[in-house]
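Here are the chains, one letter per residue:
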Amino acid sequence: MHDDLPTIAIIGAGPIGLEATLYARYLGYPVTLFEKGDTAAHVREWEHVPMFSPFGMNSSSLGISAIQAQNPSHVMPEADQTHTGKEWIDQYLEPLAKSDLVRPCLRAKNRVLAVGRDTAHQRPTDSREDAPFRILVSDETETQRIEHADIVIDTSGSWGHPNPMGMGNIYAVGESPDLKEQLPDKTKLQRGIPDLAKLEISKGARFAIIGSGFSAATNVLQLKTLQEHSPDIRGVWLTRGRGAATGPLAVLENDALPQRDALARAANAVANDSSWLEWKPEVEVTEIQCLEECFQLTLSNDEQIEVEYLIGNTGSTGDFEMLSGLQIHRCYVSGGPMAWAASMADASSDCLQQTSPGPEAIKTTEPNCFIIGSKAYGNDPRFLFATGLQQIRDVFKVIAERDTLDLYATLKPNLST
Ligand SMILES: Cc1cc2nc3c(=O)[nH]c(=O)nc-3n(C[C@H](O)[C@H](O)[C@H](O)COP(=O)(O)OP(=O)(O)OC[C@H]3O[C@@H](n4cnc5c(N)ncnc54)[C@H](O)[C@@H]3O)c2cc1C
């Protein structure tokens, strides 16, 4: 460690926070990695889900080297092997967190509540810029303290901050941010991709799935598996658009990710051909009423439906309230940092085709504060881990002021293909 290097605070030990920590440590920067829960806490919430991209795209040369240096007998998946979120954690993310370079930096169960500057200056002046970041942290015992850093890299993700389920991107009548807290049985309202096999589902249960992305598609297929064992289960799939000619999800021609292609096709087939699930395109939810045993949903076409289980897959946007002490220009469409959002505006709708827009796009209007990983995308679901690695490379080009710095190119992975 070099005493003259700036200190770095990284917020969130998800896949990108871990990789960013490792990259910084290879370069000798002093790092503190704050994590509100356990390592990869968000991935743990969808760990039962198979990932689209193979291990070679879900790992870095640096990460593999660090794990192999720590434990030469560690068995890594093959580069072309696909895996679930749990396998990602067990075989890569957790060993990475335990590696000699990352472990000393990690402060698990330390939630960052807010970030500001250690200054009274509100105007963007040199003296404001020179003041260290002031970080309010809460530990396991909910004791709060202030930490400081010269550089902040926010990798806190977007998972965990779901978008409202109602029409017009706002809450439906009766849907409040704490609706779930009010329910006697909290399993009845789900966001994200719960492991439906673990729920105790009553006979004849009715489900509504809201949303038209890959999370909704995954839930539809989970429900199909449940329905094969309990034929009296019924479902309704609500999408605000009409989707593609093939069904709710667009199928990419010659999709390079076969798992993604198979998911889209299988979910579309359920939507088009099932007697137990009804796909209702071009409707939104205007009101949610909690009746004694079920939810009553009022739809934008004035129809009312009753379901016992409600699954919201309307996407998520990160926690930007945490950064309210900073001066971050955000995009009014995605909600993410402006420069990154602008650079993505014309990017392909297929996340696999995205290329790095370069270091300028990684800067925010708050000097020395970077927002990377899935949080940089705001409510745009196109983030891929591989793009996150490009963001890390670009952040350190800016921090180190070296245009050619690229540790990923210098260190090659020792993986078989
Ligand atoms: C079901 C699913 C499947 C996916 N499949 C693929 C795939 O096949 N290939 C691919 O490339 N990408 C895939 N992704 C997208 C992406 O790679 C993952 O979402 C990835 O986990 C994003 O990493 P991240 O580090 O940006 O954020 P996250 O994984 O969300 O990590 C953020 C971390 O920050 C912590 N945190 C949050 N707030 C705070 C706070 N205030 N203080 C301290 N810590 C905090 C969280 O606990 C978490 O550990 C998938 C996503 C999902 C949901």
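All figures in this text were calculated on a predicted structure; none of them were measured in a lab.

What counts and how
Here, residues in each chain are numbered from 1, in the same order as that chain's written sequence. Whole-chain, interface and lining totals are the exception, using all residues; otherwise, since this is a predicted model, local features are given only for residues with pLDDT of at least 70 and side-chain atom pairs are given and counted only at 80 or more. Fitted lines through C-alpha atoms give the axes, limited to the stretch in contact for helices. The angle between two N-to-C directions lies from 0 to 180 degrees. Helix and strand labels come from DSSP, where a helix needs a run of H or I of at least four residues and a strand needs a run of E of at least two; each type is numbered from the N terminus. Throughout this description, any angle smaller than 35 degrees is read as roughly parallel, any larger than 145 degrees as roughly antiparallel, any in the 65 to 115 degree range as roughly perpendicular, and the remainder as oblique. By the criterion used throughout, residues are in contact when their C-beta atoms, derived from the backbone, lie within 7 Å. Throughout, the ten residues Ala, Val, Leu, Ile, Met, Phe, Trp, Tyr, Cys and Pro are labelled nonpolar, Asp, Glu, Lys and Arg are labelled charged, and all others, Gly among them, are labelled polar. Note on definitions: a residue is near a molecule or strand provided its C-beta atom, placed from the backbone, lies within 6 Å of it. Pairing between strands is defined by DSSP: at least two bridges between the two strands are required. By convention in this section, buried Ala, Val, Leu, Ile, Met, Phe, Trp, Tyr and Cys residues joined through C-beta atoms within 7 Å make up a nonpolar core. Exposure is read from a count of other C-beta atoms within 10 Å of each residue's own; the residue is exposed at 12 or fewer, buried at 20 or more and partly exposed in between. C-beta atoms are placed from the backbone. Residue ranges labeled as domains rest on an automatic or database domain assignment.

A. Representation of the packing of helix α3 (residues 61-70) against helix α4 (residues 85-97) within the structure. At a closest axis distance of 9 Å, the pairing of α3 and α4 adopts a crossing angle of 75°. In terms of their interaxial angle, α3 and α4 are classed as roughly perpendicular. Residues G63, A66 and I67 of α3 lie in contact with α4, whose contacting residues are Y92, P95 and L96.

B. Region of interest: the packing of helix α1 (residues 15-26) against α3. Across the interface, α1 lies against α3 with an axial gap of 10 Å and an inter-helix angle of 75°. It follows from the interaxial angle that α1 and α3 lie roughly perpendicular. From α1, E19, L22, Y23 and Y26 reach across to α3, where they touch L62, G63 and A66. A breakdown of the residues in the contact of α1 with α3 according to their chemical character gives five nonpolar, one polar and one charged.

C. Up close: the site of the ligand. In the neighbourhood of the ligand, 37 residues make up the surrounding shell, with G12, G14, M51, G157 and G373 lying closest. Elements with a contribution of two residues or more to the shell around the ligand: α1, α2 (41-45), β4 (111-117) and α10 (385-400). Looking at the shell around the ligand residue by residue, the class counts come to 20 nonpolar, 13 polar and four charged.

D. Focus on the sheet that holds strand β2 (residues 31-34). Taken together, five strands build an open sheet; the order of strands is β3-β2-β1-β7-β16 and the sheet is parallel. Two strands close off the open sheet at either side, each with one partner strand: β3 (106-107) and β16 (369-371). Pairing of strand β1 (residues 8-11) with β2 involves four bridges; the strand directions are parallel. Residue pairing for β2: I10 is matched across the bridge by L33. Where α1 meets the sheet, its contacts fall on β1, β2 and β7 (151-154), and the angle it forms with β2 comes to roughly 170°.

E. Looking closely at the nonpolar core. Counting residues in each nonpolar core, the largest one holds 60 residues, and the members touching the most others are I8, A9, L93, L96, V152, I153 and I372. Once residues lying within four places of it in the same chain are set aside, the contact partners of L96 are L18, L22, G63, A66, I67 and V102. Formed by 32 residues, the second largest nonpolar core is a distinct cluster that contains A208, I233, A267 and I311.

F. View of the domain arrangement of the chain. The domains assigned to the chain are domain 1 (8-160 + 316-410) and domain 2 (167-312). Relative to domain 2, the C-alpha centre of domain 1 lies at a distance of 31 Å. With 12 residues of domain 1 at the interface, the matching set in domain 2 holds 10 residues. The class makeup of the residues in the side of domain 1 that touches domain 2 is seven nonpolar, three polar and two charged.

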